[in-house]
Amino acid sequence: MSRGMIYNIQRMSVQDGPGLRTTVFLKGCPLHCLWCSNPESQKFTPQMLLFDNLCAGCGQCLQVCRYGAVVPQPDGKMGRDVEKCRDCGECAAVCGYKARVMSGREMTVEEVMEVVRKDWLFYENSGGVTFGGGEPTAGGDFFLDLLHAAHDEALHVTVDTCGFCPEDRFAETIALADLLLFDCKHMDPEEHKKLTGQDNALILRNLEAALSSSTEVRVRMPLMPDLNDSEENLAAMAAFLGRFDRHEVEIMPCHAFGRSKYAALGKPYPPVRQYAPEELETVKERFARLGLVPVIV
């Protein structure tokens with residue numbers, strides 16, 4: 001039975017596809033988007049997060065850490081030396097205040113499906129399972145085994161993807177999914193590489209394959225001020241989608257929900273900013289002027 005790294009399973013979700021859903025988040029992503037709001041999802045291995053505001057200074061973590069990574073602070077709280085930390089999870093296991101938590105644990109397909117089945121009655125009426133990440137397709141055989149398991153149990157299957165995936169694996173994903181939530185981050189390959197670490201050639205080939213299939217596809221765009229909201233980029237997107245008579249784009253405006261996670265990982269917050277309300281209205285008008293229909297999700 002294949003195993004893979006899961007960092008969260010969210011039940012009763014209403015934003016990851018139609019109806020009530022269980023969203024399974026696979027850990028690891030081949031992209032490193034500048035604006036990523038879940039930085040703990042990028043690495044393929046478990047990570048320890050330290051939420052300083054929850055620390056009570058009890059010192060339990062200091063007693064169990066074998067690597068000298070727990071550092072007492074002047075205010076009585078317990079900090080962390082990120083260079084020494086091995087993400088072993090021993091400190092998180094004894095933290096009764098949830099100041100230290102582990103992101104990522106290895107699970108089997110059956111263990112994941114046991115959680116998914118808990119809401120079976122809701123799926124019968126409306127809903128299903130969504131696989132997200134990170135980038136779920138980066139889970140390889142484990143991800144495909146999850147897709148087959150959900151498909152075989154007649155669940156509605158949604159895959160939330162950036163599309164950076166080997167084409168043969170993505171073809172199988174298209175065939176097994178009922179719905180693809182496909183992120184389209186930037187149309188220019190060089191700009192895409194600057195913003196995410198990878199160019200978009202493979203992504204656009206997979207998006208073209210998805211839009212040419214019978215599987216439902218919702219194109220989504222993380223919308224970032226001054227990074228991917230230019231007239232030139234939106235015009236290129238309109239031209240690409242227009243080939244498939246597609247015009248609606250679900251937009252996700254920049255937010256700061258992940259700021260605490262960067263601090264918890266000991267990482268600097270990236271140089272992104274949120275839209276002022278009037279700015280967002282101007283960008284929405286830009287979409288409309290180019291023949292695109294923006295829908296905020």
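Each remark here, short or long, concerns the structure printed above.
Note that the structure is predicted; figures quoted are calculated from it, not measured. Sequence order as written defines the numbering, with residues in each chain counted from 1. Reporting of local features is limited, given that this is a predicted model, to residues whose pLDDT is at least 70; pairs of side-chain atoms are given and counted only at 80 or more, and all residues count toward the totals for whole chains, interfaces and linings. Hydrogens and water molecules were not included; the side-chain quantities draw on all heavy atoms of the structure.

Novice: Would you explain the packing of aromatic side chains in this entry?
Specialist: The geometry of an aromatic ring pair is captured by two quantities: the separation of the ring centres and the angle between the planes. Ring pairs shown here join Phe, Tyr and Trp side chains whose ring centres sit within 6.5 Å, with only the six-membered ring taken for Trp; geometry is labelled stacked below 30 degrees between planes, edge-to-face above 60, and tilted in between. This structure, assessed with the given rule, holds 5 aromatic pairs. Relative to Phe25, the ring of Tyr7 has its centre 5.6 Å away and its plane inclined at 50°; by these criteria the two rings are tilted. In this pair, Tyr7 sits in strand S1 (residues 3-13) while Phe25 sits in strand S2 (residues 20-26), placing the two residues 18 residues apart along the sequence. Burial classification: accessible surface area is computed with a 1.4 Å probe over protein chains only, and a residue below 20% of its type maximum counts as buried, one above 50% as exposed, and the rest as partly exposed. On the basis of relative accessibility, which here comes to 14%, the residue Phe25 falls in the buried class. Taking 5.8 Å as the distance between ring centres and 75° as the angle between the ring planes, the aromatic pair formed by Phe170 and Phe182 counts as edge-to-face. With Phe170 in helix H6 (residues 167-176) and Phe182 in strand S10 (residues 179-183), this residue pair connects regions lying 12 residues apart in the sequence. Comment: elements are numbered from the N terminus, with helices defined as DSSP H or I runs of at least four residues and strands as E runs of at least two.

Novice: Sorry, what's going on with a negative patch on the surface here?
Specialist: Candidates for patches are residues over 30% relative accessible area with no salt bridge; among them, like charges are joined within 9 Å and nonpolar side chains (Val, Leu, Ile, Met, Phe, Trp, Tyr) within 5 Å. For the accessible areas, the method is Shrake-Rupley and the probe is 1.4 Å, while residue cover comes only from the protein chains on display. We define a salt bridge as a contact between a side-chain nitrogen of Lys or Arg and a carboxyl oxygen of Asp or Glu at a distance within 4 Å. Within this scheme the basic residues Lys and Arg register as positive and the acidic residues Asp and Glu register as negative, but His and the chain ends are omitted. Charge positions are represented by NZ for Lys, CZ for Arg, CG for Asp and CD for Glu. Together, Asp141, Asp145, Asp168 and Glu172 give the surface a local cluster of negative charge. For the negative patch, the secondary-structure elements that each account for two or more residues are helix H5 (140-152) and H6. Along the polypeptide, Glu172 turns up in helix H6. Judged by relative accessible area, which is 30%, Glu172 ranks as partly exposed.

Novice: Sorry if this is basic, but what is going on with the pairing of strand S12 (residues 248-253) here?
Specialist: Residues in a regular strand point their side chains to alternate faces of the sheet. A pair of strands counts as paired when DSSP detects no fewer than two bridges linking them. Pairing of strand S11 (residues 216-223) with S12, which is carried by 4 bridges, proceeds in the parallel orientation. When the sheet's bridge partners are listed, Pro222 is paired in S12 with Met252. When the strands point away from the viewer, a crossover counts as right-handed if the path from the first strand over the helix to the second runs clockwise. In this region the chain leaves S11, passes through helix H9 (residues 231-242) and returns to the parallel neighbour S12; the handedness of that crossover is right-handed. Summarising the sheet, S12 and strand S13 (residues 293-296) pair through 4 bridges and their orientation is parallel. Following the sheet pairing, Glu248 is matched in S13 by Val293.

Novice: Explain the side chain of Lys185 to me, please; I cannot follow it from the model alone.
Specialist: Here Lys185 is to be found in the loop between S10 and helix H7 (189-196). Looking at Lys185, its side chain comes within polar contact range of the side chain of Asp183, at 3.3 Å. As used in this structure description, the phrase polar contact means that two N or O atoms lie within 3.5 Å; if the pair is within protein, one of them must be able to donate a hydrogen and the other to accept it, and residues adjacent in sequence are counted only when both atoms belong to side chains.

Novice: Before we go on, may I ask you to explain the packing of H5 against H6 in this structure?
Specialist: Packed helix pairs are specified by the crossing angle of their axes together with the interaxial distance, meaning the distance between the axes. Interaxial distance between H5 and H6 falls to 10 Å at its minimum, and their mutual angle equals 15°. Considered as vectors, H5 and H6 are oriented roughly parallel to each other. Remark: the crossing between H5 and H6 carries left-handed chirality. Of the residues in H6, those touching H5 at Gly140, Phe143, Leu144, Leu147, His148 and His151 are Arg169, Glu172, Thr173 and Leu176. Tallied by class, residues from the contact of H5 with H6 come to 4 nonpolar, 4 polar and 2 charged. Axis definition: a line fitted to C-alpha atoms, over the contacting stretch in the case of helices. Angles run 0 to 180 degrees between N-to-C directions. Roughly parallel here means an angle under 35 degrees, roughly antiparallel means over 145, roughly perpendicular means 65 to 115, and every remaining angle is called oblique. Note on convention: near helix rotated counterclockwise from far helix by under a right angle means a left-handed crossing. Clockwise means right-handed. Only heavy atoms enter the contact rule, under which two residues are in contact if any of them lie within 4.5 Å. Under this grouping Gly is polar, as are all residues other than the nonpolar Ala, Val, Leu, Ile, Met, Phe, Trp, Tyr, Cys and Pro and the charged Asp, Glu, Lys and Arg.

Novice: What is the right way to look at the pattern of salt bridges in this model?
Specialist: Pairs can form between side chains of opposite charge once their charged atoms are near each other. One pass over the full model with this rule turns up 18 salt bridges. For Arg66, the salt bridge is made with Glu90, and the minimal N-O distance between the two is 2.6 Å. Taken together, the residues span a long stretch of sequence, with Arg66 in the loop between helix H1 (60-64) and strand S4 (70-72) and Glu90 in helix H2 (residues 90-94) at a distance of 24 residues. Taking relative accessible area as the criterion, Arg66 reaches 56% and is therefore assigned exposed. Through salt bridges that share partners, Glu216, Arg218, Arg220 and Glu250 make up one connected network.

Novice: Help me out: how do you make sense of the nonpolar core in this one?
Specialist: As a rule of thumb, soluble globular proteins bury nonpolar side chains together. Working definition of a nonpolar core: buried Ala, Val, Leu, Ile, Met, Phe, Trp, Tyr and Cys residues. They are joined through side-chain atoms within 4.5 Å. The biggest cluster of nonpolar side chains holds 63 residues, and the ones touching the most others in it are Phe131 and Phe287. Among the elements that make up this core, the one with the highest residue count is H5 (7 residues). Those residues within four positions of Phe287 in sequence are excluded, and the remaining contacts are Met221, Leu223, Leu234, Val249, Ile251, Leu292 and Pro294.

Novice: What exactly am I supposed to notice about the sheet that holds strand S7 (residues 105-108) here?
Specialist: Note: strands within a sheet are paired through backbone hydrogen bonds, in either parallel or antiparallel orientation. Across the sheet, 9 strands lie side by side as S7-S1-S2-S8-S9-S10-S11-S12-S13; this open sheet has mixed pairing. Because the sheet does not close on itself, it has two edges, and the strands there are S7 and S13. Averaged over all neighbouring strand pairs, the angle between strand axes comes to 35°, with direction disregarded.

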